[in-house]
Amino acid sequence: MPISLGELATQFGCELIGDPDVPVSGVASLPNAGPESLSFLASAAYKKQLSSTKAAAVILRASDADDSPVAVILHDDPYACYARMAAVVCPPPTYKSGVHASAVVVSSATVADSAHLAANVVVGERSSVGKNVYLGPGTVIGPDCMIGDDCRFIANVTVVRNVHIGARSIFHPGVVLGADGFGNAMTPDGWVKVPQLGGLRIGSDVEVGANTTIDCGALDDTVLGDGVRIDNQCMIGHNVQIGAHTAMAGQTAIAGSTIIGKRCMFAGRSGAVGHITVCDDVTVAAVTFLSKDVTTPGTYAASFPADDARSWSRQVARFRRLDKLIERVTKLEKGSKSSSD
Amino acid sequence: MPISLGELATQFGCELIGDPDVPVSGVASLPNAGPESLSFLASAAYKKQLSSTKAAAVILRASDADDSPVAVILHDDPYACYARMAAVVCPPPTYKSGVHASAVVVSSATVADSAHLAANVVVGERSSVGKNVYLGPGTVIGPDCMIGDDCRFIANVTVVRNVHIGARSIFHPGVVLGADGFGNAMTPDGWVKVPQLGGLRIGSDVEVGANTTIDCGALDDTVLGDGVRIDNQCMIGHNVQIGAHTAMAGQTAIAGSTIIGKRCMFAGRSGAVGHITVCDDVTVAAVTFLSKDVTTPGTYAASFPADDARSWSRQVARFRRLDKLIERVTKLEKGSKSSSD
Amino acid sequence: MPISLGELATQFGCELIGDPDVPVSGVASLPNAGPESLSFLASAAYKKQLSSTKAAAVILRASDADDSPVAVILHDDPYACYARMAAVVCPPPTYKSGVHASAVVVSSATVADSAHLAANVVVGERSSVGKNVYLGPGTVIGPDCMIGDDCRFIANVTVVRNVHIGARSIFHPGVVLGADGFGNAMTPDGWVKVPQLGGLRIGSDVEVGANTTIDCGALDDTVLGDGVRIDNQCMIGHNVQIGAHTAMAGQTAIAGSTIIGKRCMFAGRSGAVGHITVCDDVTVAAVTFLSKDVTTPGTYAASFPADDARSWSRQVARFRRLDKLIERVTKLEKGSKSSSD
């Protein structure tokens, strides 16, 4: 169902320069946009694509409006405005309420009438599934879980036990929530498993990417605040706490009992060792891990980007001989001192 | 069902100082413990929490006993003692034997009467499932597998084919056992798949964390010894051998054909390249990978923890100019030599 | 069903030196081969195992033929020849066509008569499954997908939506194809999800390892060319493009919108940041990430292999004091200059 440019602009309180009756039925990048596509210009890097776009309209900053060959919707933050409008133009799929014949809901569980349980879903003892929740095919909800209203589990998600989730959170395939953390005590007879008895508490408006794992706590709970965004293949250890609106890109790992503040940003394959505390508003660069408490907001880094392999080998060889270099300098200093005596 | 302090102490041969009739119904950290909670003090870092605990009893070393405001259970290794007692106080869930109506067991497979197969479990050709095994929802056991007694597969575990597992091993959701390793031969027409025909042999008392993958061998088997503990999102390549009681924390990766000794410890995101041999009792620090044979027990490391991003940039720039620095020192040495001539 | 050495040699146009009537029923490494095993010698490192092999025949280069105690099959590339012959001697399992009673295929989906859908498979709206496709237990194909002929999905694979796949591609358990990429716009109210509306296009003869995730595009598609080989636990972000015959070993990650050329090779735990372009024929060493465009074919590296932990600590300390060392050299240079004045 197309929406008109005028309706869109009105709904989000934006100024539209152009024909309000033009219908929009999709979204596209500037070069691929057609006459019913909504597009956007957020970064100067793409400015050169503006002049030849065929979009119905482009969301952009007022300062870029004069360069557009088509209608424009003005917004100071075109990317955020695009994100919101795209969700209206191309809404996520909707599902009829109901429980598929192949789904298994034990008698002690409760499922809201408006929820949709797809094929092969399992809901365990004493768990509850809220209103309008979507549990995609193969999703397993173990015992003692609470799934808040409007949550979506795309498919094949596993929620082990004692996991409570707020509203509107989204979990992609292969996510594992509330599995046992890594707790082992060494004894003369080998490792003894330390029972993992805590739960997992996840806030509202959280999104967790494919194949990410978030463990339950050992004694107390693992906790994710509201609005946390976690990408694919991230690993959140037991008893970790993550503050509201913190985001973590792919393959990030946070080891057990570490506390991460609010609005932190972890780039790809970054992380933190266990048992440290990281304050609010910390950014961690790609392939970098925090090894101790961070008490000052800011950006932290420690990685070497790729070099030509031969150059890198030479560089490593020099690095390995730093002690020799220091000795040589020390010797020179002594010589220099004695020569100046 | 609570157990009394006296029964607990007797069962594990520990000295109890306090009322043996006090019931224990749960476990908790020192600050969160209530009057029916068992707690423990293993690390000096938590000593300050002891004086205000409300626990029923605290497991601790004799040297800490005098500082406890509540009953104590004495043990030289309080953490290991706690691990064992916690498994008694809060035992893992038990399951009635039986096969869920939705489970699919092919006729050539054998399943022990005492096993529990949950919803949507699949057991393939010629596979056998031992006594008291728990196969959680969605678990797939492929053909030619042997699952030892008392193993537990929490949910959505995939065991591909030709995987033999000892007794009492635990596999968390998303684990994949016995998938094809990465074998490809380059030809003028592109890659040709090298058939992966070996199996996977896993010992007893092994535990494998969520979304970890352990490949089958190319020709011979991949092998994990007894008591091996592997955390989430680890990657064990084809034909790897891991010695008994070795432990690997999250995101560790061992590339193909590498042989790891006994009682090794790999910290988070560590690993080893392929085709090397690592002796017993090797510890690998976080975010560190072994690149060649290790023949001496000990700790190995090679990572840079995060720095303030600006400092790090400067440091990298200096590193990149090490050759210039060496040239300058060489020039000084020549000058020094000629001046002393 | 054994095949004779003569038939094998004829089928692949190889010269056989030995009795053509000897039957071959399996493959094995040189030391483990028995009288019906086919083996191979591809690397000089294994040459010493040749003299005592009991194999039916060994595939090797003509220059090694005289040293074999058994029959030989000559080929300039013994490993590739072995890969092809092994697939004949030990062919992958075959499946009868048909749809398991527990599989769920919606009415708008189409499934070829020759396809095999195992237990608990789900096929969604408007999707099509080609000839001879194998969908293993628990595999979920979402809406609007096209699965090409002869593809194999081993088990528990999730294909989210709008994923098109060519012929003969193989997907191992836990793979997630076409999940939402990580798109979030920061606003004063927290993150707003950017709808992920592109698809995923995968070529023919592709293989993807266990628990790897490949996201759909944000607007345009994510694209993998023909013959791409990806190992376990790799992470391919939204709008990435990967050229034909590129291979990536375990835990490799390619961040969003990066374009990778043809015939590239990424070693284990390597990767690339987002929004860069990498030309054809680039090799990236283990644990190395590319941070900017690569325009010259060749090998790129940047990692430090493990060192004895004490040596490493000293080395890091020296590295951290590089500025001091530079100061000392500068001071010496000044002194040297003044002393030579």
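Let us look at the structure shown here.

### Here's the deal with the overall build of chain A
Helix and strand counts for chain A come out as 4 helices and 40 strands. Computed over C-alpha atoms, the radius of gyration of chain A comes to 27 Å, more than 25% over the 20 Å expected from 2.2 N^0.38 for 341 residues, which places it beyond the range of a compact globule. The burial tally for chain A puts 54% of its 341 residues in the buried class. Within chain A, contacts between residues separated by at least 24 positions form 19% of all contacts whose residues are at least 6 apart in sequence.

### Observations concerning the relation of the copies chain A and chain C
Overlaying chain A with chain C gives an RMSD of 0.1 Å, the required rotation being 120° about an axis along which the chain moves by 0.0 Å. Here the transformation between the copies is reduced to the relation of a three-fold axis.

### Overview of the environment of Ser169(B)
Residues and elements named next belong to chain B. Of note, Ser 169 is situated in the loop between strand 19 (163–165) and strand 20 (170–171). Looking at Ser 169, the number of C-beta atoms within 10 Å reads 24, which means it is buried. Separated by 58 residues in sequence, Ser 169 and Gly 227 have C-alpha atoms that sit 8.5 Å apart. Ignoring anything within four residues of it in the chain, the contact list for Ser 169 reads Gly 148, Cys 151, Ile 202, Ser 204, Asp 205, Val 206 and Glu 207.

### Regarding the sheet that holds strand 24 (residues 200–202) of chain B
Residues and elements named next belong to chain B. Pairing within the open sheet is parallel, and its 9 strands lie in the order 10-13-16-19-24-27-30-33-36. The two strands at the open ends of the sheet, each matched to only one other strand, are strand 10 (110–111) and strand 36 (277–278). Of the strand pairs in this sheet, strand 10 and strand 13 (residues 128–129) are connected by 2 bridges, and their pairing is parallel. When the bridges of strand 13 are listed, Val 111 appears paired with Val 129.

### A closer look at the interface of chain A and chain C
Where the parts come together, the accessible area they lose is often given as the size of the interface. Taken together, the contact pairs 60 residues of chain A with 56 residues of chain C. Among the secondary structure elements, those contributing two or more residues to the side of chain A that touches chain C are helix 2 (78–89), strand 40 (307–308), helix 3 (309–320) and helix 4 (322–340) of chain A. For the side of chain A that touches chain C, the residue count by class is 29 nonpolar, 20 polar and 11 charged. Sheet topology note: the strand 40 of chain A/strand 39 (residues 298–301) of chain C ladder contains 2 bridges and is antiparallel. By the bridge assignment, Asp307(A) is partnered in strand 39 of chain C with Ala301(C).

### Quick word on the interface of chain B and chain C
Every contact between the two is made by 56 residues of chain B and, on the other side, 60 residues of chain C. For the side of chain B that touches chain C, the secondary structure elements donating two or more residues are strand 21 (176–179), strand 22 (184–187), strand 23 (190–193), strand 38 (289–290), strand 39 (298–301), helix 3 (309–320) and helix 4 (322–340) of chain B. Along the lines of polarity and charge, the residues of the side of chain B that touches chain C split into 30 nonpolar, 21 polar and 5 charged.

### Brief notes about the relation of the copies chain B and chain C
With an RMSD of 0.1 Å, the operation that places chain B on chain C is a rotation of 120° combined with a shift of 0.0 Å along the axis. Here only 20% of the interface residues in chain B have copies in chain C that are interface residues too; the copies meet through unlike faces.

Rules behind the numbers
- Residues numbered from 1 in each chain as written.
- Chains lettered and ligands numbered in written order.
- Predicted model: local features only at pLDDT ≥ 70, side-chain atom pairs only at ≥ 80, totals over all residues.
- Helix = DSSP H or I, 4+ residues; strand = E, 2+ residues; numbered from the N terminus.
- Rg over C-alpha atoms; globule rule 2.2 N^0.38 Å.
- Buried ≥ 20, exposed ≤ 12 C-beta atoms within 10 Å, placed from the backbone.
- Contact = placed C-beta atoms within 7 Å.
- Least-squares fit on C-alpha atoms with pLDDT ≥ 70 in both.
- Pairing = 2+ DSSP bridges.
- Nonpolar A, V, L, I, M, F, W, Y, C, P; charged D, E, K, R; others polar.

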